[in-house]
Amino acid sequence: SLARVRALIASDDVVVFSATYCPFSAAAKAALDDAGVPFTAVEWNQTEGGAGFAPALATLTGRSSIPSVWIAGECVGGCND
């Protein structure tokens, strides 16, 4: 739900909505790791109700794709952004 996604975004300075099977998600998380940036990964495919994250992200950003990287509550894009 939208409220849950907003709460997750607010839960840490850097939040990555991703999926464990997605190579683009893995690349985004690796880039953050390589830069020494701590983050919270929200794996939609391992989170109860996670299928609802895509529509909520689309409402917030106009994009439902993963990964969706958030820094200080602002979406900064995905793997290639």
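Because the structure is a prediction, the values reported are computed rather than measured.

## Topic: the environment of alanine 56
Mapped onto the secondary structure, alanine 56 falls in helix H3 (residues 53–61). Distance from alanine 56 to glutamine 46, taken between C-alpha atoms, is 17 Å for residues ten residues apart in sequence. Other than its neighbours up to four places away in sequence, alanine 56 contacts Ser1, Leu2 and Val5.

## Quick notes on the packing of aromatic side chains
A complete count under the given rule lists one aromatic pair for this structure. Both rings, one in phenylalanine 17 and one in phenylalanine 53, keep their centres 5.7 Å apart while their planes meet at 80°; by these two values the pair is edge-to-face. Here phenylalanine 17, found in strand S1 (residues 14–18), pairs with phenylalanine 53, found in helix H3; they are 36 residues apart in sequence, far enough to count as distant. We note that phenylalanine 17, like phenylalanine 53, is buried.

Calculation rules
- Residues numbered from 1 in each chain as written.
- Predicted model: local features only at pLDDT ≥ 70, side-chain atom pairs only at ≥ 80, totals over all residues.
- Heavy atoms only, no water.
- Helix = DSSP H or I, 4+ residues; strand = E, 2+ residues; numbered from the N terminus.
- Contact = heavy atoms within 4.5 Å.
- Phe/Tyr/Trp six-rings, centres within 6.5 Å; stacked < 30°, edge-to-face > 60°.
- Buried < 20%, exposed > 50% of the residue type's maximum accessible area, 1.4 Å probe, protein only.

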